[in-house]
Amino acid sequence: WKLNQIAPDLRELATSDKAEPALQQAALEGLVALGGADSLATIEEVARLGKSIDLRSSAVAGLARLDTSAAATAAADVLKIARPQDDIEPMLAALLGRQDGAEKLAQALAADRPTADAAKLTLRHMYALGRSDQALSDVLSKAAGIALDAPPPSQEEVAKLAAEVATKGDAARGEQIFLRADL
């Protein structure tokens, strides 16, 4: 039984506008398992032109297993149009799970910046996956409009804070907080 004989059917299902999303995702998984230039081209096509963000995200996740650079570029395209309700977690998990995935995604996003909302969503998913890759975090934080480093307080601000603590501070309460075991 030759598995490559089913490749044309899988390619047709993966790119069909009439197929159910679950069937398209299964076809993508089959193409990833088969590999080869034709399968790779089909997966890239779905990653670029899929009918939903979820399908495109799944295609990028599969593409990450075959070509990390192409997957990072496709992920940058998906993130330009991703909305908060879209499921981009499989795509990010697959890319960040690759040895050089975070670096390549950071490069792709630096060249093709996502929207602020998509950048925030990606940061949230990245941190939820337990990742804090510096280059990727920097690119996403910049796109999201989040300050990378807060400036240190000025001498005047420190003096004002110290004066406020001296007049309004509660040493007994401070000691209770300091001694709490859960902090």
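Every chain's residues receive numbers from 1 upward, in the order its sequence appears when written. The predicted origin of the model limits local features to residues at a pLDDT of at least 70 and limits the giving and counting of side-chain atom pairs to 80 or more, whereas totals for whole chains, interfaces and linings rest on all residues. For the side-chain quantities, the full set of heavy atoms in the structure was used; hydrogens and water were omitted.

Caption draft 1: The overall build of the protein chain, seen in detail. Of regular secondary structure, the protein chain possesses 11 helices and 0 strands. The order of α-helices and β-strands along the protein chain, N terminus first, is α-α-α-α-α-α-α-α-α-α-α. Here the globule rule is a power law, 2.2 Å times the number of residues to the power 0.38, and the radius of gyration is based on C-alpha atoms. In terms of C-alpha radius of gyration, the protein chain reaches 23 Å, well past the compact-globule figure of 16 Å for 183 residues. Dimensions of the protein chain, computed from the C-alpha atoms along their principal axes, are close to 80 × 35 × 30 Å. Here the protein chain, with 183 residues, has 36% of them falling under the buried criterion. Residue pairs at least 24 apart in sequence account for 62% of intrachain contacts in the protein chain once pairs closer than 6 positions are excluded. When the accessible surface of the protein chain is split by element, carbon and sulfur atoms take 53% of a total near 11,100 Å². Only runs of H or I of at least four residues qualify as helices and only runs of E of at least two qualify as strands under DSSP, and these elements are numbered from the N terminus. Using a 1.4 Å probe on the protein chains alone, a residue whose accessible area is under 20% of its type maximum counts as buried, one over 50% counts as exposed, and one in between counts as partly exposed. Contacts are assigned to residue pairs with any non-hydrogen atoms lying within 4.5 Å of each other. Calculation of accessible area relied on Shrake-Rupley with a 1.4 Å probe; when residues are assessed, cover is drawn exclusively from the protein chains displayed.

Caption draft 2: Spatial organisation of the environment of Leu3. Along the chain, the position of Leu3 falls in the segment before helix H1 (7-15). On the basis of relative accessible area, Leu3 is assigned to the partly exposed category, the value being 44%. As a C-alpha pair, Leu3 and Ala75 span 72 residues in sequence and 29 Å in three-dimensional space.

Caption draft 3: Here's a closer look at the environment of Leu55. Position of Leu55 relative to the elements: it lies in helix H4 (residues 53-66). Between the C-alpha atoms of Leu55 and Ser132, which are 77 residues apart in sequence, the distance is 26 Å.

Caption draft 4: Main features of the packing of helix H6 (residues 89-96) against helix H7 (residues 101-111). Orientation is described by lines fitted to C-alpha atoms, with helices fitted over the stretch in contact, and by angles between N-to-C directions that extend from 0 to 180 degrees. Viewed as axis vectors pointing N to C, H6 and H7 meet at an angle of 120°, and their least axial separation amounts to 7 Å. Taken together, the axis directions place H6 and H7 in an arrangement best described as oblique. Contacts between H6 and H7 pair Leu92, Leu95 and Leu96 from the former with Gly101, Ala102 and Leu105 from the latter. Of the residues in the contact of H6 with H7, the class split is 5 nonpolar, 1 polar and no charged. Working definition: roughly parallel below 35 degrees, roughly antiparallel above 145 degrees, roughly perpendicular at 65 to 115 degrees, and oblique for all remaining angles. All residues other than Ala, Val, Leu, Ile, Met, Phe, Trp, Tyr, Cys, Pro, Asp, Glu, Lys and Arg, Gly among them, are scored as polar; the first ten of these are nonpolar and the last four charged.

Caption draft 5: Examining the nonpolar core more closely. To form a nonpolar core, buried Ala, Val, Leu, Ile, Met, Phe, Trp, Tyr and Cys residues must be joined to one another through side-chain atoms within 4.5 Å. Counting residues in each nonpolar core, the largest one holds 45 residues, and the members touching the most others are Val60, Ile88, Leu95 and Leu136. Top element by residues in this core is helix H5 (residues 68-81). It accounts for 8 residues. Filtering out sequence-adjacent residues up to four positions away, Leu136 remains in contact with Leu96, Ala102, Leu105, Ala106, Leu109 and Met126.

Caption draft 6: The arrangement of the packing of H5 against H7 in detail. Close contact between H5 and H7 brings their axes to 8 Å; oriented N to C, the two are set at 50°. The angle between the axes of H5 and H7 places the two elements in the oblique class. The two elements H5 and H7 cross, and the hand of that crossing is right-handed. Touching Thr68, Ser69, Ala72, Thr73, Ala75, Ala76 and Leu79 of H5 are Gly101, Lys104, Leu105, Ala108 and Leu109, all from H7. Of the residues assigned to the contact of H5 with H7, the class counts are 7 nonpolar, 4 polar and 1 charged. Each crossing is labelled by how the near helix is turned from the far one, with a counterclockwise turn of less than a right angle marking it left-handed and a clockwise turn marking it right-handed.

Caption draft 7: Local environment of the side chain of Asp86. Inspection of the secondary structure assignment puts Asp86 in the loop between H5 and H6. On the accessibility criterion, Asp86 (8% relative accessible area) is buried. Not counting chain neighbours up to four residues away, the residues in contact with Asp86 comprise Ile53, Asp54, Ile81 and Leu121.

Caption draft 8: Spatial organisation of H6. Looking only at H6, the buried set comprises Met91, Leu92, Ala94, Leu95 and Leu96. Of the surrounding elements, those touching the buried residues of H6 are H4, H5, H7, helix H8 (116-128) and helix H9 (134-144).

Caption draft 9: The arrangement of the side chain of Thr122 in detail. Of note, Thr122 is situated in helix H8. On the basis of relative accessible area, Thr122 is assigned to the buried category, the value being 1%. Setting aside anything within four residues of it in sequence, one finds Thr122 in contact with Leu79, Ile88, Leu92 and Leu140.

Caption draft 10: Quick peek at the pattern of salt bridges. When a carboxyl oxygen of Asp or Glu lies within 4 Å of a side-chain nitrogen of Lys or Arg, that pair is called a salt bridge. Here the structure, examined in full by the defined rule, presents 6 salt bridges. Among the salt bridges present, the one from Asp77 reaches Lys80, with a minimum N-O distance of 3.8 Å. Here the residue Asp77 and the residue Lys80 both occupy positions in helix H5, the gap between them amounting to 3 residues, near one helical turn. Looking at Lys80, the relative accessible area reads 36%, which means it is partly exposed. A salt bridge links Asp100 to Lys104; the nearest nitrogen and oxygen atoms lie 3.1 Å apart.

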